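So you can see what is in the structure, the chains are spelled out below.
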Amino acid sequence: MNMMMKYRTIIVEDEALIRRNVSRKFKELNTRFEVIGEARNGQEALQLIEQSVPDLVITDIQMPVMNGLELAKYLYFAYPHVKIVILSGYHEFEYARQAIHYKVEDYLLKPLSEEQLRALLDAMELRLGSAVDSLSHVSVVLEDQVKTEDIAASVKLYLKQNYMHEITLQDMAAQMHFSVDYLGKCFKKVTGETPLKYLTGLRLNEAKRLLAAYEHMDIKTIGGAVGYADSHYFSRIFKNKTGLYPSEYRQQWQEQKKALSMDQGNPDGLS
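The rules behind the values
- Residues numbered from 1 in each chain as written.
- Predicted model: local features only at pLDDT ≥ 70, side-chain atom pairs only at ≥ 80, totals over all residues.
- Heavy atoms only, no water.
- Helix = DSSP H or I, 4+ residues; strand = E, 2+ residues; numbered from the N terminus.
- Buried < 20%, exposed > 50% of the residue type's maximum accessible area, 1.4 Å probe, protein only.
- Contact = heavy atoms within 4.5 Å.
- Areas by Shrake-Rupley, 256 points an atom, 1.4 Å probe, with all protein chains shown as cover.
- pLDDT = per-residue confidence, 0-100.
- 1 Å grid on protein atoms, 1.4 Å probe; cavity = no way out; pocket = protein on both sides within 12 Å on 5 of 7 lines; lining within 4 Å.
- Points joined across faces, edges and corners; volume = space filled by probe spheres on them.
- Nonpolar A, V, L, I, M, F, W, Y, C, P; charged D, E, K, R; others polar.
- Phe/Tyr/Trp six-rings, centres within 6.5 Å; stacked < 30°, edge-to-face > 60°.
- Pairing = 2+ DSSP bridges.
- Axes fitted to C-alpha atoms, helices over the stretch in contact; angles between N-to-C directions.

## Focus on the overall build of the protein
Along the protein, the regular secondary structure elements total 12 helices and 5 strands. Here the protein holds 271 residues, and the buried ones make up 44% of them. Restricting to contacts in the protein with at least 6 residues of sequence separation, those with at least 24 account for 64%. Accessible area of the protein: about 14700 Å², with a carbon and sulfur share of 52%.

Quick look at the structure:
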């Protein structure tokens, strides 16, 4: 299955000549990389990324509206499986090195040489192939438990890294190049629960931690921090799963904390 797979790529560069040149070289040097879109800045790139969820993003740094580092930062937190490569001029190379915090795969210095690009594509093919192999090959033999465990582990990782965002299972499936139903079957076979139930559990566990640790943080903020932009929906989900509204859970925890503090202050129970 992986032998036929193409890696979807987006080129982000505000200079049209460079952008077209890079796109053309991709097609000439490695047919495994399919350029599915081009953008003039990070903002345009985000629109493309949200629509198509590519495997690889090649981006310049200095661009209007949203620069390459801002784009890399956004992708790092919102799309952890997308690989990012920076295009950089010599004068901004040290600036580009800041992107190491956002797991940038490599830096290409402009002007690009054919040898540079060929070496990059060969390296990226290996990295992307390694990442995809743990997922795509499992669809060939679903009964193979090891492979099914691989895909379940990848689903867990994706949800752990993204539970704080307003993600959908469709987003996850698009990242992994599988249907929602297929991922759900693999995940439930290994874990005994659905991806949605696991995601809800992650979110509520973190919400409980925030409710206990930050006594003055409002419920809406906590809901948003764990992926629920609608505070009323967050409260309903929390109530449905725990039997308490978030405010009630916080009050109960505070009362337990107070009682524990009193017990510790009077260990013998004497007045």
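There is more to say after this.
## Regarding the confidence of the model for the protein
Here the protein averages 80 in pLDDT, while 83% of its residues score no lower than 70. Averaged over each element, pLDDT in the protein is lowest for helix H4 (residues 93-96) (61) and highest for helix H10 (residues 219-225) (94). Contacts for the low-pLDDT stretch residues 134-146, under 50 throughout, to residues beyond four places or in other chains number 30 contacts.

## Let's talk about the layout of surface pockets
Quantified by volume, the second largest pocket comes out at close to 220 Å³. Looking at the second largest pocket, it is lined by 14 residues, and the ones nearest its centre are Ala78, Tyr79, Glu166, Ile167 and Asp171. Every element with two or more residues in the lining of the second largest pocket is listed here: helix H3 (68-78), helix H6 (145-162) and helix H7 (169-176). Grouping the constituent residues of the lining of the second largest pocket by class yields 8 nonpolar, 3 polar and 3 charged.

## Considerations on the packing of aromatic side chains
One pass over the structure, following the stated rule, counts 7 aromatic pairs. With a centroid separation of 5.5 Å and an interplanar angle of 50°, the aromatic rings of Tyr7 and Phe33 are classed as tilted. Placement of Tyr7 in strand S1 (residues 7-12) and of Phe33 in strand S2 (residues 33-39) is noted, with a sequence separation of 26 residues between them. Assigned by exposure class, Tyr7 and Phe33 land together as buried. Between the aromatic rings of Phe238 and Tyr249, the centroid separation amounts to 5.6 Å while the plane-to-plane angle is 75°, which identifies the pairing as edge-to-face. With Phe238 in helix H11 (residues 231-242) and Tyr249 in helix H12 (residues 246-265), the pair connects residues that are 11 residues apart, well separated along the chain. Each of the two residues, Phe238 as well as Tyr249, counts as buried. A connected cluster of aromatic rings, assembled from ring pairs, spans Tyr228, Tyr233, Phe234, Phe238 and Tyr249.

## Examining the sheet that holds strand S3 (residues 56-60)
Spatially, S2-S1-S3-S4-S5 is the arrangement adopted by the 5 strands of the open sheet, whose pairing is parallel. Lying at the two open borders of the sheet, with one neighbouring strand each, are S2 and strand S5 (106-109). Neighbour to neighbour, the strand axes of the sheet diverge by 20° on average, direction disregarded. Summarising the sheet, strand S4 (residues 83-88) and S5 pair through 4 bridges and their orientation is parallel. Opposite Ser88, over in S5, you have Leu109 as the bridge partner.

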